[in-house]
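# Topology and contacts: notes
Residue strings, one per chain:
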Amino acid sequence: MARDVVIFDTTLRDGEQAPGNTMTPEEKLQVARQLDALSVDVIEAGFPAASAGDYRGVQEIAAQVRRPVLAALARCTDKDIDLAGEALRPAARGRIHVFISTSDIHLQYKLKIGRDDCLELARAAVRRARRYTDDVEFSAEDASRTDLEYLCRVVEAAIEEGATTVNLPDTVGFALPAEYEQIFRAVRERVPGAAGITLSAHCHDDLGLAVANSLAAIAAGAGQVECTVNGIGERAGNAALEEIVMASHVRPQVAAFRCNVETRELYRTSRLLSHVTGVFPQPNKAIVGRNAFAHEAGIHQHGVMQNGLTYEIMRPETVGVPHSRLVLGKHSGRHALERRYHDLGYELEEGALERLYHKFIALADKKREILDEDILALLHDGFQDAPEQFQLTHLRVVCGTVGGAAAVRMTGPWSGERAAEAKGDGPIAATFAAVSEIVGQPIEVGNLAVQSVTPGRDSLGQVSLQARVNGKSLSGHGASTDIVEACARALVNALNKAHFAERLEADSLNSVYLWGV
Ligand code: KIV
Ligand code: ZN
C-alpha cells in the first residue's frame, strides 16, 4: 500500500537563494499562486530575517495563498524566530522552520560552538517557535555529515521540545543513496518519538543524486520531501520537484508513494518560474526540458507514431506540455483568443485581453502559424505586473562585421517621443546603449538568454535578461520574431519594473524594500 508523502516546495526560499534566481515579492506571490494550483502541500515562502523584501514576500503570500501550509525559515535565534512568527501571522496554516548545523566541521568552523551548545540552541529554538504555532520543523543542517549518534541526540531533543517535522538535509550533496537511506533507518530505529513525527528529506544535487537520494529516503520512511521547481537552488541545485513527483506516477509499484501534486500543472509551473527568473532549464532536463518529449531519430519517431509507449514512459499531456498545434490566425477575433487562453488554463484579467490581442495581431502579421507556445509567450512577454510607463515605438538596427548601430524611439514619463542613436559591438549592444541614452541612466545587462518558442524560421524569439538600473536588479522579458527587438522589449520591461519599484518605494512608509540582488 503506497504511503502519502508531503511535498514541501522550497523554490521561493532555497531555490531563490541561488544566484540569478532572485525574485521580487510580487513575482514570488505569482509563483506561490501557481504552486498552489500545482497542489503542493507546503510552500516555504522565504527567510524573513534575511531581508525586508523576504519578510514582505512571506507576509504577502501568507495573506493571499490560503490552502497550503506556509513555512518560513529561521536560524536558532530569538530574533529570527520572532520575525518568522510575525511574517506568518496572516497565514491560514503557518509553519516555522528552524535550522542549525550539526556536523563537526560546521560547528567548529562556521558556528564556533561545541556539540552541547548546539543541542541547547536547537532545544530553545523549537521551544520558542512553538509559542507561535504547533507546526514546527527542525532541520539539522549538514545532517548527512553529522556523527550519527550525535544526530540522534539532537533529533530526540527537537522532538521533546515539540518539533512535528524533523528534516535531515544532505546540505552539500555529499551522500550516496544507500548511505542517505541508512541515516533515515537509523534515526527511525534509535530515536524515541521518531515514529510520532514526520521525517523529511532535503537533498542538494552536487553529485547529481538529489532525486535518487530523496527517493531512497522515502523508501526508508521519510514522510516529506523538500524540493524545488526545475531543481533550482544553491550551487548545483536542489532535488527537482517534477522528477520526484513523476517517479511516483510512472513507477507506482516501485516508488510506492503517493502525493497530491496535480501533474498537469508541472510544465506550466516550470515555465512560469523560468519566465520570472530568466533562467530556463537545460534542453535535456527531465520532464520540463525543451527536448524532454522530442523524438529526433527517425526510428524513434516511427515507433512513437505507432504507439507512444515505444519510446515515451509518460505522455507529454500528463505533465501539461501543450501540443504544438495551429490555433489561430490573423483573422481570429478577440473572443477566439480569449477562448484559447481559457482552454490553456488562463483567465485573462480585464484589460489584458485587449493588450494581448494587439500583440497577437502584430505577430500574426509576421508569422504564418500561431501555435499555443506563441500565445503563451505573448502572455509572459513583459509580465504585465508593472504599468507600461516606457514603451518602445521604433527600432532600426544595422549589423555586420564592423559592429552595430541602432536608432531607437521611445515614449516614457516625459511628453512625446524621445529618440537616440548609438553604436556598439553588435546590434543588441547598440540598442541597449540607445535605450540607456534615452532614459538618461546607465543600465547594466547580464544573464541574457534567447529561446526560440517554436520551430521554424519565423519562430518567436523569447528573451530574458537581468538589468541593473539605479541599484536595482530586475528581470525583463520580451518576445518578437526579431531577436534584437525582443532584447529591446525585455530591457524596456525591466525599466518598467524598476520605475514601478521606485514608485512603490516612494509610496511606502517603510522604504527598506529590497529588489533583487
Ligand atoms: O540545505 C540545507 O541544509 C538547507 C536547510 C536550511 C534546510 O537548506
Ligand atoms: Zn538546502
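From a predicted model like this one, the values you see are computed outputs, not experimental measurements. (Residues numbered from 1 in each chain as written. Chains lettered and ligands numbered in written order. Predicted model: local features only at pLDDT ≥ 70, side-chain atom pairs only at ≥ 80, totals over all residues. Heavy atoms only, no water.)

### A few points about the overall build of the protein chain
Put simply, the rule is: Helix and strand definitions here come from DSSP, where helices need a minimum of 4 consecutive H or I residues and strands a minimum of 2 consecutive E residues; each element is numbered from the N-terminal end. Burial here depends on accessible area, computed with a 1.4 Å probe over protein chains only, as a share of the maximum for the residue type. Under 20% is buried, over 50% is exposed, and the range in between is partly exposed. Two residues form a contact once any of their heavy atoms are found within 4.5 Å. Here the accessible surface of atoms and residues is derived via Shrake-Rupley with a 1.4 Å probe, and residues count as covered only by protein chains that are part of the display.
In terms of regular secondary structure, the protein chain is built from 18 helices and 18 strands. A principal-axis box enclosing the C-alpha atoms of the protein chain has dimensions of 70 × 65 × 45 Å. In the protein chain, buried positions account for 55% of the 517 residues. Considering only residue pairs separated by 6 or more positions, the protein chain has 66% of its internal contacts joining residues 24 or more positions apart. Taken as a whole, the protein chain presents about 22,500 Å² of accessible surface, with 50% of it coming from carbon and sulfur.

### What to know about the coordination of the zinc ion (ligand 2)
Ideal values for angles at a metal depend on the geometry: 109.5 degrees with four tetrahedral donors, 90 or 180 degrees with six octahedral donors. The condition that has to hold: Coordination shells were defined by N, O and S atoms within 2.8 Å of each metal, extended to 3.2 Å for Na, K and Ca; water is absent from the atom set, which can make sites look incomplete.
At the metal site, the zinc ion (ligand 2) is ligated by D14 (OD), H202 (NE2) and H204 (NE2), and these contacts range over 2.0 to 2.1 Å. Motif for the zinc ion (ligand 2), donor spacing along one chain: D-x187-H-x1-H. Summarising the burial analysis for this pair, H202 and H204 share the class buried.

### Quick look at the site of ligand 1
Worth spelling out the cut-off: One heavy atom suffices: a residue is near a molecule or strand as soon as one of its heavy atoms comes within 4 Å of it. Two N or O atoms count as a polar contact when they lie within 3.5 Å, although within protein this holds only if one can serve as hydrogen donor and the other as acceptor, and sequence-adjacent residues are included solely when both atoms are side-chain atoms. Residues are grouped as follows: Ala, Val, Leu, Ile, Met, Phe, Trp, Tyr, Cys and Pro are nonpolar; Asp, Glu, Lys and Arg are charged; every other residue, Gly included, is polar.
Surrounding ligand 1, one finds R13, D14, H97, F99, S139, E141, N167, P169, T171, H202 and H204. D14 has a polar side-chain atom sitting 3.1 Å from an oxygen atom of ligand 1. Between ligand 1 and H204 there is a distance of 3.0 Å, counted from an oxygen atom to a side-chain nitrogen or oxygen. Isolated, ligand 1 exposes 260 Å² of accessible area, and the fraction of that covered by the protein chains is 94%. Elements represented by at least two residues in the shell around ligand 1 include exactly α1 (11-15), β5 (94-101), β6 (136-141) and β7 (165-170). Counted by class, the shell around ligand 1 contains 2 nonpolar, 6 polar and 3 charged residues.

### Description of helix α2 (residues 25-37)
Our working rule: Every helix has an expected span of 1.5 Å times one less than the residues it contains.
Its 13 residues place the ends of α2 19 Å apart at the C-alpha level, agreeing with the 18 Å of an ideal helix rising 1.5 Å per residue. Buried residues of α2: P25, E27, K28, L29, V31, A32, Q34 and L35, and no others. Downstream of α2 by a residue or two, S39 has a phi angle that is positive, lying close to 70°.

### Topic: the sheet that holds β7
Stated precisely, the cut-off is as follows: Strands are treated as partners if at least two bridges between them are detected by DSSP. Axis definition: a line fitted to C-alpha atoms, over the contacting stretch in the case of helices. Angles run 0 to 180 degrees between N-to-C directions.
Read around the closed barrel, 8 strands run β2-β3-β4-β5-β6-β7-β8-β9, paired in parallel fashion. With direction set aside, neighbouring strand axes in the sheet form an average angle of 25°. With 6 bridges connecting them, β7 and strand β8 (residues 198-203) associate as parallel partners. Bridge assignment links L168 to a residue of β8, and that residue is A201. Against the sheet, helix α9 (residues 210-219) makes contact with β7, β8 and β9 (224-227), and its axis sits at roughly 165° relative to β8, the strand it touches most.

### Re the environment of T102
Tracing the backbone through its elements, the reader meets T102 in the loop between β5 and α5 (104-111). Residue classification places T102 among the buried positions, given a relative accessible area of 0%. Between the alpha carbons of T102 and L151 there is a distance of 7.0 Å; along the sequence they are 49 residues apart. Within polar-contact distance, the side chain of T102 engages the side chain of T146 at 2.9 Å.

### Let's talk about a nonpolar patch on the surface
Filter applied, for reference: Note on patches: the residues involved have over 30% relative accessible area and no salt bridge, like charges join within 9 Å, and the nonpolar side chains Val, Leu, Ile, Met, Phe, Trp and Tyr join within 5 Å. A pairing counts as a salt bridge when a side-chain nitrogen of Lys or Arg comes within 4 Å of a carboxyl oxygen of Asp or Glu.
Taken together, the side chains of V445, L448, V450 and I483 make up a nonpolar region of the molecular surface, amounting to roughly 280 Å² of accessible area. Note on placement: V445 falls in strand β16 (residues 443-452).

### Side note on the sheet that holds strand β14 (residues 404-412)
Pairing is antiparallel across the open sheet formed by 3 strands, whose spatial order is β13-β14-β15. Either end of the sheet is taken by a strand with one partner, and the two such strands are β13 (391-398) and β15 (414-424). When strand polarity is set aside, the average angle formed by the axes of neighbouring strands in this sheet is 10°.

### Details of the environment of A364
By secondary structure assignment, the location of A364 is in helix α15 (residues 352-366). When its relative accessible area of 9% is taken as the criterion, A364 is described as buried.

### Structural notes on unusual backbone geometry
Here K112, not a glycine, exhibits a phi torsion of approximately 55°, which is positive. A positive phi angle, close to 50°, is found at R235, a residue other than glycine. By secondary structure assignment, the location of R235 is in the loop between β9 and α10 (241-250). Of the residues examined, R235 reaches a relative accessible area of 49% and is grouped as partly exposed.

### Digging into the domain arrangement of the protein chain
Many structure descriptions define interface size as the accessible area lost when the parts assemble. This is how it is decided: Where each domain begins and ends follows an automated or database-derived domain assignment. Summed over both partners, buried area is the accessible surface (1.4 Å probe) that two parts give up on being assembled.
Split into domains, the protein chain comes out as domain 1 (3-277), domain 2 (294-370) and domain 3 (391-504). The C-alpha centroid of domain 3 is placed 38 Å from the C-alpha centroid of domain 1. In this complex, domain 1 contributes 9 residues to the contact, which on the side of domain 3 involves 8 residues. With both sides pooled, the region where domain 1 packs onto domain 3 buries about 620 Å², and carbon together with sulfur makes up 39% of that total. At the boundary of domain 1 with domain 3, the tally comes to 2 residue pairs in polar contact (both at pLDDT 80 or more). Of all the elements in the fold, those that place two or more residues in the side of domain 1 that touches domain 3 are α2 and α12 (266-277).

### Comments concerning the pairing of β14
Sheet topology places β13 next to β14; 7 bridges connect them, and they run antiparallel. Considered in β14, the bridge of H394 is made with R409. The hairpin formed by β14 and β15 contains 1 residue between the paired strands.

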